[in-house]
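Below, each chain spelled out in residue letters.
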Amino acid sequence: MSFVHLHSHSYYSLLDGLRPPEAMVERVKAMGCPALAITDHGVLYGAIDFYKAAKKAGIKPIIGCEMYVAQRTRFDRTAGVDNKPFHVTVLAKSFKGYQNLMQLVTKANLEGFYYKPRIDHALLSVYKEDLIVLSGCLNGEVSRAILSEDMKLAREVIQFYKDTLGPDHFYLEIQDNPLLEQQAIVNAGLIELSKEMDVPLVATGDSHYVKPEEHHSHDILLAIQTGANIYQEDRMKFSGDFSLRTPEQMKEAFAHVPEAIAN
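Brief notes about the pairing of strand β5 (residues 131-134)
Line of reasoning, step 1. Inspection of the sheet shows strand β3 (residues 86-92) paired to β5 by four bridges, in the antiparallel sense. When the sheet's bridge partners are listed, V90 is paired in β5 with V133.
Line of reasoning, step 2. The sheet contact formed by β5 and strand β6 (residues 170-175) spans two bridges and is parallel. Along β6, the bridge assignment pairs L134 with Y171.

Okay, structure coming up:
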């Protein structure tokens, strides 16, 4: 069994991803992965560079985006509420899906921009064809509902995506970060909801750099992003390995839910 990274950031995720798309492709090719997705935050700036590099290397390119979802609508702009959007991972299934992804990203920037380029449920309902959506990281709608112990809301959100996207187009995204207590809580909730609501799981790595030894360089990048001194203990940090991990590492991390790797 192989593994495909479906949640990966290049340096087009400004001051968040460390490396260019070409380096990401080189890494997964060396690991024997057949495909790779690029999912930069709110933009598609790296899509063409990534596509060309992947094609040249014989790797299947999957164009995607980690999008920001408005808590209410993309037109609402109230401080303290609308500047805290959810995250969702969106992948193009076909050229039509890529066209819809471009529409979403464009309108997120032109219509929904408030701190971040935001979409909303109404917009996704229009440009949904041939898109595959993963429920996202700890800042996803389902994840936040689980962390707030609101399982009723979690079920409602899952039902919206199931009804909107149709069968086989929505997955519950589980990640492995043993240094984050919240991740274990969310994963347990997602596994339970997957069984209850018949929604498949998919395992992702949420990579922000290519190799584990680049962690320190990425940490400096985060300090620049947040305007912090690198020696500050209370600044934002990434705890754990957010590199493009090997298929063997991913299989080991999700040995208890092998279907999440297969998916």
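Focus on the environment of Q159
Line of reasoning, step 1. By secondary structure assignment, the location of Q159 is in helix α6 (residues 151-165).
Line of reasoning, step 2. Taking relative accessible area as the criterion, Q159 reaches 31% and is therefore assigned partly exposed.
Line of reasoning, step 3. Separated by 55 residues in the primary sequence, Q159 and L104 have C-alpha atoms spaced 21 Å apart.

A look at unusual backbone geometry
Line of reasoning, step 1. For D130, which is not glycine, the phi dihedral falls at a positive 60 degrees.
Line of reasoning, step 2. The partly exposed category is assigned to D130, whose relative accessible area is 24%.
Line of reasoning, step 3. Within the chain, D168 stands out as a residue other than glycine whose phi angle is a positive 65 degrees.
Line of reasoning, step 4. Along the chain, D168 falls in the loop between α6 and β6.
Line of reasoning, step 5. On the basis of relative accessible area, D168 is assigned to the exposed category, the value being 59%.

What about the side chain of S194?
Line of reasoning, step 1. Along the chain, S194 falls in helix α7 (residues 181-197).
Line of reasoning, step 2. Setting aside residues up to four positions removed in sequence, S194 forms contacts with L172, V199, P200 and L201.

Re helix α2 (residues 47-57)
Line of reasoning, step 1. Burial in α2 covers these residues: A47, F50, A53, A54 and A57. Buried positions in α2, seen along its axis, are confined to an arc of 140 degrees and lie on one side of it. With respect to the buried face of α2, the exposed residues turned more than 90 degrees away are K52, K55 and K56.
Line of reasoning, step 2. The inward-facing, buried residues of α2 abut α1 (21-30), β1 (35-41), β2 (60-69) and α3 (95-110).

Considering the pattern of salt bridges
Line of reasoning, step 1. One pass over the structure, following the stated rule, counts 11 salt bridges.
Line of reasoning, step 2. Between R235 and D219 there is a salt bridge, with the nearest N and O atoms lying 2.6 Å from each other. Of this pair, R235 sits in the loop between α8 (215-226) and α9 (247-253) while D219 sits in helix α8; the two residues are 16 residues apart in sequence, bridging distant segments of the chain. Per residue, the accessibility class of R235 equals that of D219, and both read buried.

Quick look at the nonpolar core
Line of reasoning, step 1. Grouped together as the largest cluster of nonpolar side chains are 62 residues, with contacts concentrated most on M67, L101 and Y161.
Line of reasoning, step 2. Not counting residues within four places of it along the chain, the set of residues in contact with M67 comprises F86, H87, V88, V90, L101, L104, V105 and I119.
Line of reasoning, step 3. Ranked by size, the runner-up nonpolar core spans eight residues in total, among them L6, A37, I62 and L134.

Digging into the packing of α6 against α7
Line of reasoning, step 1. At their nearest, the axes of α6 and α7 sit 11 Å apart, and the two run at 55 degrees to each other. With respect to α7, the element α6 is oriented oblique. Crossing handedness for the pair α6 and α7: right-handed. For the pair α6 and α7, the contacting residues are M151, A154, R155, I158, Q159 and K162 in the first and G189, E192, L193, E196 and M197 in the second.
Line of reasoning, step 2. Residue classes in the contact of α6 with α7 are distributed as five nonpolar, two polar and four charged.

A short note on the layout of surface pockets
Line of reasoning, step 1. The volume enclosed by the largest pocket comes to roughly 1200 Å³.
Line of reasoning, step 2. Around the largest pocket, the lining comprises 43 residues; the ones closest to its centre are D16, H41, Y68, H87 and F238.
Line of reasoning, step 3. For the lining of the largest pocket, the elements supplying multiple residues, two or more each, are β2 and α7.
Line of reasoning, step 4. Its residues assigned to classes, the lining of the largest pocket shows 18 nonpolar, 15 polar and 10 charged.
Line of reasoning, step 5. Roughly 630 Å³ of volume is contained in the second largest pocket.
Line of reasoning, step 6. Residue lining of the second largest pocket: 30 residues in total, with K60, P61, I62, A92 and K93 positioned closest to the centre.
Line of reasoning, step 7. At the level of elements, α2, β2, β3, α3, β5, β7 (201-204) and α10 (258-262) are the ones that each hand at least two residues to the lining of the second largest pocket.
Line of reasoning, step 8. Taken together, the residues that form the lining of the second largest pocket break down as 23 nonpolar, three polar and four charged.

Analysis parameters
Residues numbered from 1 in each chain as written. Predicted model: local features only at pLDDT ≥ 70, side-chain atom pairs only at ≥ 80, totals over all residues. Heavy atoms only, no water. Pairing = 2+ DSSP bridges. Helix = DSSP H or I, 4+ residues; strand = E, 2+ residues; numbered from the N terminus. Buried < 20%, exposed > 50% of the residue type's maximum accessible area, 1.4 Å probe, protein only. Contact = heavy atoms within 4.5 Å. Arc of directions from axis to C-beta. Salt bridge = Lys/Arg side-chain N within 4 Å of Asp/Glu carboxyl O. Core = buried A, V, L, I, M, F, W, Y, C linked by side-chain atoms within 4.5 Å. Axes fitted to C-alpha atoms, helices over the stretch in contact; angles between N-to-C directions. Parallel < 35°, antiparallel > 145°, perpendicular 65-115°, else oblique. Left-handed = near helix turned anticlockwise from the far one by under 90°. Nonpolar A, V, L, I, M, F, W, Y, C, P; charged D, E, K, R; others polar. 1 Å grid on protein atoms, 1.4 Å probe; cavity = no way out; pocket = protein on both sides within 12 Å on 5 of 7 lines; lining within 4 Å. Points joined across faces, edges and corners; volume = space filled by probe spheres on them.

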